[in-house]
Amino acid sequence: MEKEAGGSPLSLPPPPAIKSPTVKPEKLDTPKHSIISRQGFGTAGRPISLVVNHFKASIKSPNKSFYQYTVSITWGDNEAVLIKGVKRKVVDKLYQTYFSELAGRRYAYDGEQSLYTVGPLHENRLEFAVVLEESFAKRGSSSHRGNNSEYSKRSKHSFQPKTFKVEISYAAKIPLRGCVLVRQSFFHDDPRNFTDIGGGVTRCQGLYSSFRATHGGLSLNMDVSATMIVTPGPVIDFLLAKQDAKKPCDIDWAKEANEMLKTMRVRTRHTNMEFRIIGLSEMPCNQQYFSWKVKNGDGGDDGEKTVEISVYEYFAKRHKIQLTYSADMPCLNLCNLVSFQRYTKELSPTQRSSLLDKSRQEPQECIQALTNAVRICRFDSDPLLAACGISIEKQLTQVDGRVLEAPRLKFGKGEDCIPQNGRWNYYNKHIKGPHTLIAEDPRYGSSSPVVRVEKMFEKIISKFPSRRPQFLLCVLPERKTSDIYGPWKKICLCDKGIATQCLSPSKININGQYLTNVILKINAKLGGINSLLAIEIDPFLGEPLINSWVPLIKDTPTMILGMDVSHGPSGSNTPSIASVVGSLSWPLISRYRAAVRTQSPKVEMIESLFKPLANGGDDGIMRELLMDFYLTSAEHKPAQIILFRPTSISVKGTSRPAHYHVLLDEIGFSPDQLQDFVHSLSYIYQRSTTAISIVAPVKYAHHAAKQMGQFVNFEDSSGSPSEQKGSPAAPELPRLHKDVARSMFFC
């Protein structure tokens, strides 16, 4: 047995004793599948030389090993420390305090439970006491109501030491060759990295970096990344921008401001002290009273007396400050938001659009930013990398790539179209205009969204007394993400079974391409196909349009699945929405339908693929999709299924190249066949006239989950996870009407 960190062999614990003669050890079956190996490399396409955002790493001492240790941090009555920031401070302080006891051994800590060193520590188990001194502003107890409330004065800055117990125990030995380190992004509090995106939020640019094992050896992967921070400055200015309010009196103080400011750090202008907001008082400044000790003016023995005074009067008398416009509001006009606080709330559509516009970089700009970062970071001077014997090259890595030929498309009456640079157009095509225009009754303009939608449908039904419209084009009175959007989509798709397309007034007159994309969406929702790949078979003529180079798909009934899970805002307990789209009408690969379900918050694994019922049936997603595939594919059952599941979705543009990991291939694709097949699936996206950065089924699943998530009001489920402990299962989504269930409503 190999000797480990402390020089003594690590013995394994004995197997558990069998306590009952009736209990027998169970023999586990040998796994049927192992990790799939790559079946060679593709050769199709035009060769091209590329540079990638990788910097080659060299290892001078490949025989060294990493040692992994488990870290446990507790304090007080053996209470575990859970906050990453505190744990990092404790471990940093540990290194400063016990440098000699660690024999000068440097380590890397992941902020959780793992610590890595190059070479072993002198003991397999170590225990340390670490003292941190944290500054804080001490306050007395307070009450929000009435003249009898007590509101003690703040004391000056104080220091309170806390003792933490740190246990480090040996976990594993990892050979350095082929290792992959933990990936991270780094951001610096530098105004040059800040870009305002509106609504009191600022984009902060940083760097993402991780070591990767590649075919060419170890490399440092770097990219430009971004995080959102609160725009520093007066709290009032932040709230005005966030709520798009004109004056402080227009701010929603009761709910929105209170929720938005909770846990934020502020610095007071009159004392320059820092505080963390735990909530806003229910009373305004001129009605919020507290007890204030003042000197007696009568010269008696007692030098002080206690008076009840409002916050407004206190600032006027004690600090000679008149709280002008905030007299009737919470006392915030003397508070500034501290710089570099992360903003974790969901961004508005306007902010997302601004973020995308300001995050785009030309290739040369990105190359310059990354090469400058490697030069400035001076990785060769890093003590831990030096201990590992790792050095980083200063130039981007060059690789050989291939440009695949764009697939031929068919549309209209069999017209050929060859995309150029991933784009094509439908100019000079015609579409029949709308039949009837119906405007909302202005009397209901201020009613709730549900009432407005119901009243609108009463007008629609009165216009079509004998027949139901097949399609409704809705011009929303506000932006597309208004409160009306969810109720309108729900009543159309779930209650009435009518295809619908919504327009945003701010975009109606943008350009012809926008209107073209709207028409493409409408056609797809009504059952049309805007374009087919030339390799697909025309289901109406029953003839191949061209000899398919994917006989594995053409000759065998094949179902294509795309999956995605949409989660609620960060910090909320909103149920997640799982969506799976499946192909229809084999041998087509351009037509899809979606099945969508709710599931537990923040869970990536799709829980409703199979859902056995008490009567022996199945109400799961797969049964629903398989049945529709069978009914639309001349009663063929799929003999093979190709599944795509993303690790992330890029909302707009290519944030990084799509990398596909093949987990299992029982079909037998060659590398060229698989690459061409994936490439072609990027050209069947019915919503636009451009190729997209990821296969269309995955994008469809993303759109379906996002759209149906707006059908249900999740306000009752949006509390913190601790508040929702033991709460009932996520509310079910309403099912789509049978007349639109098989449609591409998500286009």
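Basis of the calculations
Each chain has its residues counted from 1, running along the sequence as written. In keeping with the predicted nature of the model, local features appear solely for residues at pLDDT of at least 70, side-chain atom pairs appear and are counted solely at 80 or more, and the whole-chain, interface and lining totals rest on all residues. Side-chain measures were taken over the full set of non-hydrogen atoms in the model, leaving aside hydrogen atoms and water. Excluding any residue in a salt bridge, patches collect residues exceeding 30% relative accessible area, merging like charges within 9 Å and nonpolar Val, Leu, Ile, Met, Phe, Trp and Tyr side chains within 5 Å. Using a 1.4 Å probe, the Shrake-Rupley method yields the accessible areas, and only the shown protein chains count as cover for residues. Each reported salt bridge corresponds to a side-chain nitrogen of Lys or Arg within 4 Å of a carboxyl oxygen of Asp or Glu. Burial classes: relative accessible area under 20% of the type maximum marks a residue as buried, over 50% as exposed, and values in between as partly exposed (1.4 Å probe, protein chains only). The criterion for strand pairing is that DSSP finds at least two bridges linking the strands in question. Put simply, DSSP marks the helices as runs of H or I at least four residues long and the strands as runs of E at least two long, and each gets a number from the N terminus on. Think of each axis as a best-fit line through the C-alpha atoms, taken over the contacting stretch in the case of a helix, with angles from 0 to 180 degrees between the N-to-C directions. Throughout, a residue-residue contact means that at least one pair of heavy atoms, one from each residue, lies within 4.5 Å. Here a pair means two rings of Phe, Tyr or Trp (six-membered ring of Trp) with centres within 6.5 Å. Their orientation is stacked below 30 degrees between planes, edge-to-face above 60, and tilted elsewhere. Relative orientations are named as follows: roughly parallel for angles under 35 degrees, roughly antiparallel for angles over 145 degrees, roughly perpendicular for angles from 65 to 115 degrees, and oblique for any other angle. In this scheme the handedness of a crossing depends on how the near helix is turned from the far one: anticlockwise by less than a right angle means left-handed, clockwise means right-handed. Classification convention: Asp, Glu, Lys, Arg as charged; Ala, Val, Leu, Ile, Met, Phe, Trp, Tyr, Cys, Pro as nonpolar; all other residues, Gly among them, as polar. N or O atoms within 3.5 Å of each other form a polar contact, as long as, within protein, one can give a hydrogen and the other can take it, and as long as residues adjacent in sequence are counted only when both atoms are side-chain atoms.

(A) Up close: a nonpolar patch on the surface. Among the surface-exposed residues, I48, L50 and V403 lie close enough to one another that they form a single nonpolar patch of about 190 Å² accessible area. A relative accessible area of 34% means that V403 is categorised as partly exposed.

(B) Local environment of the sheet that holds strand β18 (residues 335-337). In spatial order, the strands read β13-β18-β14-β15; together these four strands make up an open sheet with antiparallel pairing. Both edges of this open sheet fall to β13 (233-234) and β15 (274-276), since each of them pairs with a single strand only.

(C) Main features of the pattern of salt bridges. Enumeration according to the criterion identifies 21 salt bridges in this entry. Across the salt bridge formed by K165 and E167, the nearest N and O atoms sit 3.4 Å from each other. According to the relative accessible area criterion, K165 is partly exposed, its value standing at 31%. Put simply, D495 and K490 hold a salt bridge, and the shortest N to O gap is 3.9 Å. Taken together, the shared-partner salt bridges in this structure form one network comprising R593, R597, E624, D628 and R742.

(D) Seen up close, the environment of P120. Within the fold, P120 resides in the loop between β6 (114-118) and β7 (125-136). What makes P120 partly exposed here is its relative accessible area of 27%. As a C-alpha pair, P120 and L102 span 18 residues in sequence and 9.9 Å in three-dimensional space.

(E) Structural view of the sheet that holds strand β28 (residues 558-566). Pairing is mixed across the open sheet formed by four strands, whose spatial order is β30-β29-β28-β31. Two strands bound the open sheet, and with one partner strand each, they are β30 (592-599) and β31 (640-644). Going from strand to strand, the sheet's axes swing by 20 degrees on average, the running direction of each strand aside. Direction of pairing for β28 relative to β31: parallel, over a ladder of five bridges. Within β31, the position partnered with G562 by the bridge is F644. This element, helix α12 (residues 621-632), spans β28, β29 (576-583), β30 and β31 of the sheet and lies at about 170 degrees to β30. Packed onto the sheet, helix α13 (residues 671-681) meets β28, β30 and β31 and runs at close to 65 degrees relative to β31.

(F) Region of the structure containing helix α2 (residues 235-243). Among the nine residues that make up α2, seven are buried, leaving the element largely enclosed by the rest of the structure. The secondary structure elements touched by the buried residues of α2 are β12 (217-230), β13, α3 (253-261), β14 (265-268), β18 and α5 (349-359). Backbone geometry just after α2 places D244 at a positive phi near 55 degrees.

(G) Structural context of the packing of aromatic side chains. Enumeration over the complete set of coordinates arrives at 18 aromatic pairs. Geometrically, the ring pair formed by Y95 and F99 is edge-to-face, given 5.3 Å between the ring centres and 85 degrees between the ring planes. Judged by relative accessible area, which is 16%, Y95 ranks as buried. Under the relative-accessibility criterion, F99 is labelled partly exposed at 40%. For the ring pair Y685 and Y700, a centre distance of 5.6 Å and an interplane angle of 25 degrees mean the geometry is stacked. Residue Y685 is located in the loop between α13 and α14 (696-708), and its partner Y700 is located in helix α14; the two are separated by 15 residues in the primary sequence. Grouped by ring-pair contacts, the aromatic residues Y592, Y685, Y700, F745 and F746 constitute a single cluster.

(H) Summary view of the environment of L584. Relative to the helices and strands, L584 resides in the loop between β29 and β30. You can call L584 buried: its relative accessible area is 2%. In sequence terms L584 and R742 are 158 residues apart; their C-alpha atoms lie 8.7 Å from each other. Once residues lying within four places of it in the same chain are set aside, the contact partners of L584 are R591, Y592, R593, D628, F629, T632, S633 and R742.

(I) Structural context of the packing of α2 against α3. Between α2 and α3, the least distance of the axes is 11 Å, while the angle of their chain directions is 115 degrees. The angle between α2 and α3 falls in the class roughly perpendicular. α2 and α3 meet at a crossing whose hand is right-handed. Across from V235, I236, F238, L239, K242 and Q243 in α2, the residues of α3 making contact are W253, E256, A257, M260 and L261. Counted by class, the contact of α2 with α3 contains eight nonpolar, one polar and two charged residues.

(J) Inspection of the side chain of T202 at higher detail. Looking at the secondary structure, you find T202 in strand β11 (residues 201-214). A polar contact is formed between the side chain of T202 and the side chain of T231, at a distance of 2.7 Å. Not counting residues up to four positions away in its chain, the partners in contact with T202 are F194, T195, D196, I197, T227, M228, I229 and T231.

(K) Inspection of unusual backbone geometry at higher detail. The amide bond that connects W586 to the next residue, P587, takes the cis arrangement and shows omega of 20 degrees. Residue placement: P587 occurs in the loop between β29 and β30. The residue N78 is not glycine, and still its phi comes out positive at about 60 degrees. With respect to the helices and strands, N78 occurs in the loop between β3 (65-75) and β4 (79-80). Its relative accessible area of 56% is what places N78 among the exposed residues. One non-glycine residue with positive phi stands out, namely K320, at about 55 degrees.

Shape descriptors only; they carry no functional weight alone.
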